[in-house]
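# Inside the fold
Read off the chains here:
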Amino acid sequence: YKGDYAHFTLKEISEQPDTILRCGGDGGAVEQMAGEIRRAGTAYITGSGTSYNAALVARHVMSKYADTRLEPIIASELPHSPFSAGEGSVFIAVSQSGESADVIDAAAIARDSGARIVSIVNMRTSSLARESDVVVGMNCGPEIGVAATKSFTSQLGIIYKMADIIGGGRAGADFAAVSKAISGILSDHAGIKKLAGELRDVTDMYVLGRGVHYPMAAEAALKLKELTYVHAEGIPGGELKHGPLALMGPGVYAVIMNPADSTYEDTLTGAREIRARGAKIIGISDKNSDVYDHWVELPRVGESSYPLVEMVPVQLLAYYLALEKDTDPDHPRNLAKSVTVR
Ligand code: M6R
């Protein structure tokens with residue numbers, strides 16, 4: 001039921017101040033998952049689409065704040081990789097639906113080669129949950145829009161909780177502050193709506209980020225392409241000069257995932273290179289710069305917490321651009337909410 005909202009996608013984006021507070025639940029499941037990782041020799045993490053982007057963020061967060069190595073694997077690639085989990089390993093499968101065939105197959109291969117299975121799922125009665133040794137619930141309520149929105153921030157929230165348990169609080173996620181920051185973005189997004197109007201005729205967008213903001217850029221590009229059918233690519237900031245710069249020119253828009261952390265200046269350098277070729281820059285940041293043609297202001301949160309808030313403005317931008325382009329945000333063409341085909 002979408003109530004007063006025009007689309008489920010907007011409703012689900014708008015629920016995030018609440019859903020971020022519920023991720024992982026309070027039944028000790030995140031602690032159990034942390035215990036599995038502590039005991040494991042090797043820890044793998046898999047997913048598809050948005051859930052794989054969350055896995056890539058997990059690698060950064062767990063390594064930086066919990067000195068724990070996670071090896072991300074794209075679920076659909078695993079059967080085609082020389083993979084054997086090994087006894088004593090743990091395999092974390094991230095899936096909103098818990099029904100993605102690629103993720104279920106990957107988990108089966110991991111189990112058969114010796115791993116214990118931990119799943120991070122929204123649907124607790126799903127096939128993946130049933131086949132897991134430990135189940136951590138996203139608890140964000142049904143996600144009806146085909147584009148993953150609130151489930152992504154819940155996946156990240158669970159990862160931060162796990163990093164804080166293993167790393168002794170160094171991830172420092174203050175969920176009350178994050179929830180308030182997301183509310184702030186939602187209550188004042190007239191600028192994002194207006195920007196979507198300017199982007200009405202755009203056909204090519206690039207999203208840049210460095211460090212943990214690179215998987216965030218990949219997720220931002222996925223949202224843009226899925227909801228608006230614009231060609232959108234996530235690019236690690238430093239890779240520009242190794243190829244993608246050839247594509248920059250008038251008519252192109254580049255979104256810069258650029259919170260004011262240690263990546264800020266280096267990412268701006270890339271933005272300058274792009275702008276010098278005539279493309280326009282949209283900066284997603286808590287710090288303005290004269291390089292930005294459009295500044296989408298992020299609220300200030302603790303430095304480690306940026307990934308928990310920075311996708312929300314991009315989700316809104318993709319949603320309003322979908323309306324400008326007259327696509328159906330809840331049902332993008334050719335896509336299904338849960339991909340049960342192999
Ligand atoms: O249900 P899952 O998390 O396993 O789904 C994985 C992907 O199919 C899903 O994230 C897809 O990429 C979304 N439509 C992206 O918005």
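The coordinates are above.
Scope of this entry: the structure provided in the associated data block. In this text, all values refer to a predicted model and were calculated from it rather than measured experimentally.

### Remarks on the layout of surface pockets
- Taken as a whole, the largest pocket encloses approximately 580 Å³ of empty space.
- As for the largest pocket, its lining consists of 27 residues, and the residues nearest its centre are S48, G49, T50, E226 and V339.
- Among the secondary structure elements, those contributing two or more residues to the lining of the largest pocket are helix 4 (49-66), strand 3 (90-95), helix 5 (101-112) and helix 10 (213-228).
- Take the lining of the largest pocket: its biggest share by element is four residues, from helix 10.
- Class assignment for the residues of the lining of the largest pocket results in ten nonpolar, ten polar and seven charged.
- Here the second largest pocket defines a volume of roughly 270 Å³.
- Forming the walls of the second largest pocket are G184, I185, D188, H189, G191, I192, L195, H294, W295, V296 and E297.
- Every element with two or more residues in the lining of the second largest pocket is listed here: helix 8 (175-187), helix 9 (190-198) and strand 10 (294-297).
- For the lining of the second largest pocket, the leading source of residues is strand 10, giving four residues.
- Grouping the constituent residues of the lining of the second largest pocket by class yields five nonpolar, four polar and two charged.

### Observations regarding the packing of aromatic side chains
- For the coordinates displayed, the defined rule picks out four aromatic pairs.
- Ring centres of Y44 and F91 lie 6.4 Å apart, and the angle between their planes is 45°; on these two criteria the pair is classed as tilted. Within this pair, whereas Y44 is found in strand 1 (residues 43-47), its partner F91 is found in strand 3, the two being separated by 47 residues in sequence.
- On the basis of relative accessibility, which here comes to 0%, the residue F91 falls in the buried class.
- Judged by centre distance (5.0 Å) and plane angle (75°), the ring pair of Y319 and Y320 falls under edge-to-face.
- For Y319, a relative accessible area of 1% translates into the label buried.
- The positively charged end of K161 is found above the aromatic ring belonging to F175, 5.0 Å away from the centroid.
- One cation-aromatic arrangement involves R333 over Y229; the distance from NZ or CZ to the ring centre is 3.8 Å.

Scoring rules and cut-offs
Residues numbered from 1 in each chain as written. Predicted model: local features only at pLDDT ≥ 70, side-chain atom pairs only at ≥ 80, totals over all residues. Heavy atoms only, no water. 1 Å grid on protein atoms, 1.4 Å probe; cavity = no way out; pocket = protein on both sides within 12 Å on 5 of 7 lines; lining within 4 Å. Points joined across faces, edges and corners; volume = space filled by probe spheres on them. Helix = DSSP H or I, 4+ residues; strand = E, 2+ residues; numbered from the N terminus. Nonpolar A, V, L, I, M, F, W, Y, C, P; charged D, E, K, R; others polar. Phe/Tyr/Trp six-rings, centres within 6.5 Å; stacked < 30°, edge-to-face > 60°. Buried < 20%, exposed > 50% of the residue type's maximum accessible area, 1.4 Å probe, protein only. Lys NZ or Arg CZ within 6 Å of the ring centre and 35° of its normal.

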